[in-house]
Amino acid sequence: MKRTRHGLAAVLLCILTILGGCGTQSTAEDSSDTETVPSELTATASESAIDTASLFNDRDLAGTYDESEAVTIQLNGDSASCDSDSVVIDGSTVTITAEGVYLLSGALTDGQVIVNAADTDKVQLVLAGADITSSTSAAIYALEADKVFVTLAEGTENTLTNGGEYVAIDDNNIDAVIFAKTDLTLNGAGSLTINAQAGHGVVSKDELTITGGSYVITAASHGLSGKDSVAIADGTFTITSGKDGIHAENSDDLTLGALYIAGGSFTITAQGDAISAQGALQIDGGTFDLYTGKGSESVEMTNSDQLGQWGGDQRSRGSAPQAETAATGEDSISQKGIKGESAYAINGGTFAIDSADDCLHAGGVMTIVDGNFTLNSGDDAVHCDDALTILNGTFTIPYCYEGIEGLSITIDDGIFDITSHDDGLNAAGGTDSSGFGGFGGRQQDGFAASSDSFITINGGTFTIVSGGDCVDSNGALTINGGTLNLTCNGSGDTAIDCDGTYTNNGGDVTTNDGSENSLGQMGGGMGGRSGTGGQNGVEAPGEIRRSPGA
């Protein structure tokens, strides 16, 4: 069951297959849409065996325009002016009807820019000192086109605002400051402030692509949302959202809703998930400062004695929104740092996450190739419903319920400094009760009973201080290398706990309760514990093997 690097390539290529179907295809008619890989992505793709060529084309990445060929639209408060037949002006509503580049500057105090062109047209809106407010709808509404580009002119500051409600103007449910029924690309080297007093900041009902620019987004709901996919090559993002910060979901086709981030700087404060994908999720780089709900410390964690009295690993909640939601009988709110419901890969980046729920959460296979992680969680710092593989990285986890949890865990290398209220590492088969239970309003983490539950440690440096077991496998536990310094402070718990076979083939393991020494002395046979007290041996009966000379 050990996952190899070849297995990693297969997983990441699977992600590529899903993401590749979402990319814009080049056409002979428009050579500017030729797909390309920028130099900063090439190294990452090569290291990860991922071809990202279908995600960004030349025009997406360029973020430029020819001002001499642009149609100028001047915004004048409650009106606008333009001398092009492709632009229809009706009071404060500006409608663009044909392919081309349109340069917008000035202000609309209560108006709207609509793109209603042919479904083969590509329309580029260049914001060059534009300030557009719509009190009752989207400031920019891309109704019909093949693709719409919103380009931020270099050195300019731009603002788009919704006044707090959306009044229907057609059959579409417009609910964002920038609302596109088309593929949508945001690019350029300027800045954009989006104020969504109601609804979302930016929505594309197809593909949302962002390759540059500086964004400050305040939204009542999601900050950025793409139905088929969200792909971000670069940019600076400061997002405050009432729901998810960045959201990818297609409820009509569960194979879509992919999210890819190649780089950029992200500061997100979300009352939902900071970053969420229904489909495949992949991050190749970037800097992330993510905060969800009221943070990890809003979760009041009970001690081991209380857990035993309550009959399981239950936790009470403090003042976090989930507790309030649960008390009213409504659906609980997901407040995770980075969540993906399908294949999940992080190939690099710097992450500082403080979340009321899991920091990193995968509904499918999770692979972490590298990265620098500082994770504070009201639940699991890292959680995977399937096989979790960590090849390298630095993980500093000072506050969590459980540190790293998956159906199975394979760790090749890395530095891990974990302080956990319960288990430090936990491979859970059967029904694991580390999730919020009756006291917290959140469902328990559910694992189907499976022999696939195991922990394999091939290397790395681990410093784990736990209130539960430091390393807990509901199946086999194999240590092939690495240095483990384990301190268990839980009553009735041990530094090492496994329900299956324990094998140490050369790891340097130090425990504060004598667990490793007991295993070495026994050499095989039954564990030194039956699961009810004591501080030596293995918590549950199982075959114990220690290789000679280990």
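Look a little higher up for the structure.
Residues numbered from 1 in each chain as written. Predicted model: local features only at pLDDT ≥ 70, side-chain atom pairs only at ≥ 80, totals over all residues. Heavy atoms only, no water.

A. Representation of the state of the cysteines in the model. What the rule picks out here adds up to zero disulfides. Looking at the unpaired C488, the closest cysteine sulfur is the one in C470, lying at 5.3 Å. (Disulfide = S-S within 2.5 Å.)

B. Inspection of the packing of aromatic side chains at higher detail. Tallied over the full model, the rule gives ten aromatic pairs. An angle of 5° between the planes, with centres 4.8 Å apart, marks the rings of F351 and F373 as stacked. With F351 in strand β28 (residues 350-355) and F373 in strand β31 (residues 372-377), this residue pair connects regions lying 22 residues apart in the sequence. Like F373, F351 is buried. With a centroid separation of 4.6 Å and an interplanar angle of 5°, the aromatic rings of F416 and F462 are classed as stacked. (Phe/Tyr/Trp six-rings, centres within 6.5 Å; stacked < 30°, edge-to-face > 60°. Helix = DSSP H or I, 4+ residues; strand = E, 2+ residues; numbered from the N terminus. Buried < 20%, exposed > 50% of the residue type's maximum accessible area, 1.4 Å probe, protein only.)

C. Molecular detail of the pairing of strand β8 (residues 140-144). Pairing of strand β6 (residues 112-116) with β8 involves four bridges; the strand directions are parallel. Each residue of the ladder has a partner; that of V113, found in β8, is I140. Where β8 lies against strand β11 (residues 176-180), three bridges are found, and the strand directions are parallel. Within the sheet, the bridge partner assigned to I140 lies in β11 and is I178. (Pairing = 2+ DSSP bridges.)

D. Structural detail: the environment of G129. Relative to the elements of secondary structure, G129 occurs in strand β7 (residues 122-134). Residues G129 and G106, spaced 23 residues apart in sequence, show a C-alpha to C-alpha distance of 6.2 Å. Those residues in contact with G129, other than ones at most four positions away along the chain, are S105, G106, T156, E157 and N158. (Contact = heavy atoms within 4.5 Å.)

E. Spatial organisation of the pattern of salt bridges. Under the counting rule described, the total for this entry stands at five salt bridges. Across the salt bridge formed by K147 and D60, the nearest N and O atoms sit 2.8 Å from each other. In this pair, K147 sits in strand β9 (residues 147-152) while D60 sits in helix α3 (residues 58-62), placing the two residues 87 residues apart along the sequence. We classify K147 as buried; its relative accessible area is 1%. Assessed through its relative accessible area of 0%, D60 is described here as buried. D252 is paired through a salt bridge with K227; the nearest N and O atoms lie 3.0 Å apart. You can see D252 sitting in the loop between β20 (246-248) and β21 (258-261) and its partner K227 sitting in the loop between β17 (224-226) and β18 (229-232), a full 25 residues away along the chain. Judged by relative accessible area, which is 23%, K227 ranks as partly exposed. (Salt bridge = Lys/Arg side-chain N within 4 Å of Asp/Glu carboxyl O.)

F. Layout of a negative patch on the surface. There is a patch of like negative charges on the surface, built from E341, D385, D386 and D452. With respect to the secondary-structure elements, D386 resides in strand β32 (residues 380-390). (Patch = residues over 30% accessible without salt bridge, like charges linked within 9 Å, V, L, I, M, F, W, Y side chains within 5 Å. Areas by Shrake-Rupley, 256 points an atom, 1.4 Å probe, with all protein chains shown as cover. Lys, Arg positive; Asp, Glu negative; His and termini not counted. Charge placed at Lys NZ, Arg CZ, Asp CG, Glu CD.)

G. Expanded view of the side chain of H247. Mapped onto the fold, H247 is located in strand β20. Judged by relative accessible area, H247 falls into the buried class, the value being 10%. Within polar-contact distance, the side chain of H247 engages the side chain of D244 at 2.7 Å. Of the polar contacts made by the side chain of H247, one reaches the side chain of E249; its length is 2.9 Å. (Polar contact = N/O pair within 3.5 Å; in protein donor to acceptor, adjacent residues only side chain to side chain.)

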